[in-house]
Amino acid sequence: MAERIVERLAGLGVHTLFGVHGANAEDVFDAAVRHRGIRPVIAKHEFGAGAMADGLARISGGPTAVLTTSGGGALNLVPALGESYDSRVPVLAIIGSAPRATVGRGGFQDMLDPPDTIDLPAILSGVVGCCRIVDHPADVDAAFDEAAACLNRGMPAALVVPKDVQAAVAPDVLRPRVLTGSAPPTTTGESLAGRPSTAASRPPCRRCGSLERGRQLETRVPVGDGVPGRNEGARHPGHVLAPSVKGARTRQGCRAPSPRIDRTAVLIQE
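Residues numbered from 1 in each chain as written. Predicted model: local features only at pLDDT ≥ 70, side-chain atom pairs only at ≥ 80, totals over all residues. Heavy atoms only, no water.

1. Things to note about helix H6 (residues 140-152)
(1) Moving on: Spanning 13 residues, H6 covers 18 Å between terminal C-alpha atoms, matching the ideal 18 Å at 1.5 Å per step.
(2) Moving on: Val140, Ala143, Phe144, Ala147, Ala148, Cys150 and Leu151 are the residues of H6 that are buried. The buried residues of H6 all sit within an arc of 160° when viewed along its axis, so they share a single face.
(3) Moving on: Phi turns positive one or two residues past the end of H6, at Gly154, with a value near 80°. (Helix = DSSP H or I, 4+ residues; strand = E, 2+ residues; numbered from the N terminus. Expected span 1.5 Å × (residues − 1). Buried < 20%, exposed > 50% of the residue type's maximum accessible area, 1.4 Å probe, protein only. Arc of directions from axis to C-beta.)

Have a look at this one:
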């Protein structure tokens, strides 16, 4: 889902992602590095990252984004979001949090199980127009739609995304699958030379499908006699006689191109 999050940021018109790398936000950061349309900018402090996002939004007139991890990193972002909220600047904060399975169980920097932990959503709600916890990968799009509506009103928004949700696979990710085609059909009936079919006694040629496979005729070719045109009835169009010299024996062999299995990469929806 980290790739989906970055794609949704790009869809909002975000071209620069400010932030400070951290354990619970590394998946989104890695996806931003791989994305060609977004430039990650690493700050030395979360407040500095939020201030840069605020300043860019004021200059460009469009929404910007900031990414931080949980714990002290999330709390350091609060003053910058407070300034954006007071000045009505559209800044979207993506904040990583502990994996869902560790919430309330002593997870690293767990901030989603009050009163035993800090109540991060309650703190953020005072400095943003809307705050939402993305509890499931299927909720990412709905959460971004809600945040986009808030940004369009000129107010900052915050999305808290657990680490395991970031690392999850999007429900509709398109993956390539290779489909294997079939080989060309085998020729049956009369042979191309007009002789009765030998299908019952001889298997077809694996390359061209002809029933003349295995008929390796040995023919003495006189000196200076061009091979093309000689013994045409003894071979099918895919077979040729090798060049020869006086008294040499020539062997009939198939030079038809080997059948290629059609491997077509298609996109399927999983």
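2. Things to note about the pairing of strand E4 (residues 91-97)
(1) Moving on: Within E4, 7 of the 7 residues are buried, which leaves it mostly tucked inside the rest of the structure.
(2) Moving on: Residues Val91, Ala93, Ile95 and Ser97 of E4 are buried on one face, and the alternating residues Leu92, Ile94 and Gly96, pointing to the opposite face, are buried as well.
(3) Moving on: Two elements, strand E3 (residues 64-68) and E4, share 5 bridges in a ladder whose sense is parallel. The partner of Val66 across the bridge, within E4, is Ala93. (Pairing = 2+ DSSP bridges.)

3. So, the nonpolar core
(1) Moving on: With 31 residues, the main nonpolar core has Leu9, Leu92, Phe144 and Leu159 as its most contacted residues.
(2) Moving on: For this core, the secondary structure elements donating two or more residues are helix H1 (2-11), helix H2 (26-34), E3, E4, H6 and strand E6 (157-162).
(3) Moving on: Per-element tally for this core: the top contributor is H6, with 6 residues.
(4) Moving on: Those residues in contact with Leu92 that lie beyond four places of it in its chain are Leu9, Leu12, Thr64, Ala65, Val66, Phe144, Ala147, Leu151, Ala157, Ala158 and Leu159. (Core = buried A, V, L, I, M, F, W, Y, C linked by side-chain atoms within 4.5 Å. Contact = heavy atoms within 4.5 Å.)

4. Examining empty space enclosed by the protein
(1) Moving on: Counted by the stated rule, this structure contains 2 cavities of 30 Å³ or more.
(2) Moving on: Roughly 30 Å³ of volume is contained in the second largest cavity.
(3) Moving on: Lining of the second largest cavity is provided by Ile5, Ile94, Val134, Val140, Phe144, Leu159 and Val161.
(4) Moving on: Put simply, the parts of the chain that give the lining of the second largest cavity at least two residues each are H6 and E6. (1 Å grid on protein atoms, 1.4 Å probe; cavity = no way out; pocket = protein on both sides within 12 Å on 5 of 7 lines; lining within 4 Å. Points joined across faces, edges and corners; volume = space filled by probe spheres on them.)

5. Things to note about the side chain of Gln166
(1) Moving on: Mapped onto the elements, Gln166 comes out in helix H7 (residues 163-167).
(2) Moving on: Looking at Gln166, its side chain comes within polar contact range of the main-chain oxygen of Asn24, at 2.8 Å.
(3) Moving on: Residues contacting Gln166, with those up to four places away along its chain left out, are Met1, Ala2, Asn24, Ala25, Glu26, Asp27, Val28, Gly96 and Val161. (Polar contact = N/O pair within 3.5 Å; in protein donor to acceptor, adjacent residues only side chain to side chain.)

6. Some details on a nonpolar patch on the surface
(1) Moving on: Where nonpolar side chains cluster on the molecular surface, the patch consists of Leu75, Ile118 and Ile123 and spans about 210 Å² of accessible area.
(2) Moving on: With respect to the helices and strands, the residue Ile118 is situated in the loop between E4 and helix H5 (120-125).
(3) Moving on: Taking relative accessible area as the criterion, Ile118 reaches 40% and is therefore assigned partly exposed. (Patch = residues over 30% accessible without salt bridge, like charges linked within 9 Å, V, L, I, M, F, W, Y side chains within 5 Å. Areas by Shrake-Rupley, 256 points an atom, 1.4 Å probe, with all protein chains shown as cover. Salt bridge = Lys/Arg side-chain N within 4 Å of Asp/Glu carboxyl O.)

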